[in-house]
Amino acid sequence: NAGVTQTPKFQVLKTGQSMTLQCAQDMNHNSMYWYRQDPGMGLRLIYYSASEGTTDKGEVPNGYNVSRLNKREFSLRLESAAPSQTSVYFCASAQNLQETQYFGPGTRLLVL
Amino acid sequence: QKEVEQNSGPLSVPEGAIASLNCTYSDRGSQSFFWYRQYSGKSPELIMFIYSNGDKEDGRFTAQLNKASQYVSLLIRDSQPSDSATYLCAVPLWGDDKIIFGKGTRLHILP
């Protein structure tokens, strides 16, 4: 039982490059989330998915897209990376919205 | 704009003493509250959940909730160096899908 897994653990991109962050959970949770965490800013919600087949914007969605591929997987795509997207990205899952969230180990992204 | 406020710290507490972490929130309708612990370079992990006014105890941890004052706190008794971490308060918004996280309080337990 791995919980929430994320790949990659670390990535360096050049400005304008694209990439997809992968997230998977094996807890049969309905809800999944993507956050970014920056020093002094706390956790900020990028996108979330209440259940399979639905996605909604969070606090800071600009520059990102998401796909809820199935109940287990929720990916985050940066179409044209910018230095302002340098951050630590966390995926989380919960049985349902507003219930306890379980976090993945994070992806550290550096955009040059 | 709904907010969750925490003192950023660092809060320095001697080993063996009680550490007190505070959180205030602006959404009067919020019904439940979470405390997460985050070690440096790691992801947040849940340590306490509370939804009723009063105290909830779990081992060395006690969460205290006062909905009238919109205030939730976390007490850590017999603080250990392993308690040194950032503590995040999280509040689900009433009538909304989202949970708002505070920016966290850095706690440093002095050996």
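Up top is the structure these notes are about.
Rules behind the numbers
- Residues numbered from 1 in each chain as written.
- Chains lettered and ligands numbered in written order.
- Predicted model: local features only at pLDDT ≥ 70, side-chain atom pairs only at ≥ 80, totals over all residues.
- Heavy atoms only, no water.
- Helix = DSSP H or I, 4+ residues; strand = E, 2+ residues; numbered from the N terminus.
- Rg over C-alpha atoms; globule rule 2.2 N^0.38 Å.
- Contact = heavy atoms within 4.5 Å.
- Buried area = accessible area lost by both parts, 1.4 Å probe.
- Salt bridge = Lys/Arg side-chain N within 4 Å of Asp/Glu carboxyl O.
- Polar contact = N/O pair within 3.5 Å; in protein donor to acceptor, adjacent residues only side chain to side chain.
- Nonpolar A, V, L, I, M, F, W, Y, C, P; charged D, E, K, R; others polar.
- Disulfide = S-S within 2.5 Å.
- Buried < 20%, exposed > 50% of the residue type's maximum accessible area, 1.4 Å probe, protein only.
- Pairing = 2+ DSSP bridges.

A. How the structure looks around the overall build of chain A. Scanning chain A from terminus to terminus reveals zero helices and eleven strands. Starting at the N terminus, the α and β elements of chain A follow one another as β-β-β-β-β-β-β-β-β-β-β. Against the globule reference of 13 Å for 112 residues, chain A gives a C-alpha radius of gyration of 13 Å, in line with a compact fold. In terms of overall dimensions, chain A has a C-alpha envelope of 35 × 30 × 25 Å along the principal axes.

B. Looking closely at the interface of chain A and chain B. Every contact between the two is made by 20 residues of chain A and, on the other side, 17 residues of chain B. Here chain A meets chain B over a buried area of about 1500 Å², counting both sides, of which 55% is carbon and sulfur. Sorting the residues of chain A by area buried against chain B places L43, Q98 and F103 of chain A first, and these three jointly supply 34% of that buried surface. Joining chain A to chain B, the criterion identifies zero salt bridges. Joining chain A to chain B, the criterion identifies eight residue pairs in polar contact (both at pLDDT 80 or more). Among the elements of the structure, β4 (31-38) and β5 (42-49) of chain A are those that each provide at least two residues to the side of chain A that touches chain B. It is β5 of chain A that provides the largest number of residues to the side of chain A that touches chain B, a total of four residues. Residue composition of the side of chain A that touches chain B, by class: nine nonpolar, eight polar and three charged.

C. Representation of the state of the cysteines within the structure. Overall, the coordinates contain two disulfides over all chains when judged by the stated rule. In this model, C23 of chain A is linked to C91 of chain A through a disulfide, with the two sulfur atoms separated by 1.8 Å. Looking down the S-S bond of the C23 of chain A and C91 of chain A bridge, the torsion is -70°, so its handedness is left-handed. With a gap of 68 residues between them, C23 of chain A in strand β3 (residues 19-25) and C91 of chain A in strand β9 (residues 87-94) connect regions that are remote in the sequence. With respect to burial, C23 of chain A and C91 of chain A carry one shared label: buried. Disulfide partner of C23 of chain B: C89 of chain B, at an S-S distance of 2.1 Å.

D. Structural context of the pairing of β4 of chain A. Residues and elements named next belong to chain A. Judged by how many residues are buried, β4 sits mostly within the fold: eight of eight residues are covered. Of the two faces of β4, the one lined by S31, Y33, Y35 and Q37 and the one lined by M32, W34, R36 and D38 are each fully buried. Judged from the seven bridges that link them, β4 and β9 form a sheet pairing that is antiparallel. What sits directly across from Y33, in β9, is A92. The antiparallel hairpin formed by β4 and β5 contains three residues in its connecting segment, where G40 sits at a positive phi of about 80°.

E. Seen up close, the pattern of salt bridges. All names here are of chain B. A complete count under the given rule lists seven salt bridges over all chains for this structure. Between E45 and R37 there is a salt bridge, and its shortest N-O distance comes to 3.1 Å. One salt bridge connects R60 with D83, and the closest N-O pair in it is separated by 2.8 Å. In this pair, R60 sits in the loop between β6 (54-58) and β7 (61-66) while D83 sits in the loop between β8 (71-76) and β9 (85-92), placing the two residues 23 residues apart along the sequence. With a relative accessible area of 1%, D83 lands in the buried category.

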